[in-house]
Amino acid sequence: MKADICAHITEQLKNQKRLSRLPDALKKTILEKLLEKAEGMFRWVQCQLDEIVACKRRIDIEAALDNLPAGLYETYDRIIQAIKQRGQSDEQIAWNCLLWLAGTFTPLTLDQLNEAMMIELGRSNLNPDLGVMDPMDIVAACGSLVTYNEKTGIVALSHYSVKV
């Protein structure tokens, strides 16, 4: 398992646009620290890589690596806290998105999800004020909790554990 996680991290450090630009010494540190704390959890590793990608300075990456969450649930808690800190708008968008994705029986495209978020209880027509102007803002609001497939336009929970 550790070898597979190592291969995944190495592939991300090599091929993910922002990560590939990092100095080799920093890439080595990222690999070592993530491997040390991963405990066999690919999902945990991917969430940490997503957090590192969002860092704009080396010092921020180093701080993130020195303060890695213990396990997946602490990781999700941090993601949710970060969403809340971005403000009420992101929090409402993310909450609605996650509710729709957790309850849907069929995959939803980004446009369908945006339209679903325009449904208002007690109203017979859609409320366009509840939708986002740029549907990609839905993906941005949810962070690592959702994935978006550009080819199919499908938005999904990033992992079954997000639903729990």
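Everything quoted here is computed from the prediction, not taken from an experiment.

The subject of this paragraph is the packing of aromatic side chains. Considering all chains together, one arrives at one aromatic pair under this definition. On the basis of an interplanar angle of 85 degrees and a centroid distance of 6.5 Å, the ring pair of tyrosine 73 and tyrosine 76 is categorised as edge-to-face. Here tyrosine 73 pairs with tyrosine 76, and both are found in helix α6 (residues 72-85), just three residues apart, close to one helical turn.

Let us now look at the side chain of glutamine 12. In this structure, glutamine 12 sits in helix α1 (residues 2-15). Residue glutamine 12 is classed as buried on the basis of its relative accessible area, which comes to 16%.

Turning next to the pattern of salt bridges. Overall, the coordinates contain eight salt bridges when judged by the stated rule. Of the charged contacts in the structure, one is a salt bridge between aspartate 24 and lysine 27, with a shortest N-O distance of 4.0 Å. Here aspartate 24 and its partner lysine 27 are both found in helix α3 (residues 24-37), three residues apart, which amounts to about one turn of the helix. With a relative accessible area of 16%, lysine 27 lands in the buried category. With a closest N to O distance of 3.1 Å, glutamate 74 and arginine 78 form a salt bridge. On the criterion of helical spacing, the pair formed by glutamate 74 and arginine 78 is a turn pair, its members being four residues apart in helix α6. Residue glutamate 74 is classed as partly exposed on the basis of its relative accessible area of 32%. Residue arginine 78 is classed as partly exposed on the basis of its relative accessible area of 32%.

Conventions and cut-offs
- Think of each chain on its own: its residues are numbered from 1, step by step along the sequence as written.
- Under the rules for a predicted model, residues below a pLDDT of 70 receive no local features and side-chain atom pairs below 80 are neither given nor counted, while totals for whole chains, interfaces and linings still include all residues.
- Processing note: side-chain calculations cover all non-hydrogen atoms of the structure and skip hydrogens and water entirely.
- A pair of Phe, Tyr and Trp rings is counted when the ring centres sit within 6.5 Å of each other, with Trp represented by its six-membered ring. The angle between the planes then sorts it: under 30 degrees is stacked, over 60 is edge-to-face, the rest tilted.
- Put simply, DSSP marks the helices as runs of H or I at least four residues long and the strands as runs of E at least two long, and each gets a number from the N terminus on.
- Here's how the labels work: a residue is buried when its accessible area is under 20% of the maximum for its type, exposed when over 50%, partly exposed in between, all with a 1.4 Å probe on protein chains only.
- The salt bridge definition used is simple: a Lys or Arg side-chain nitrogen within 4 Å of an Asp or Glu carboxyl oxygen.

Don't take any of this as a statement about function, it's just geometry.
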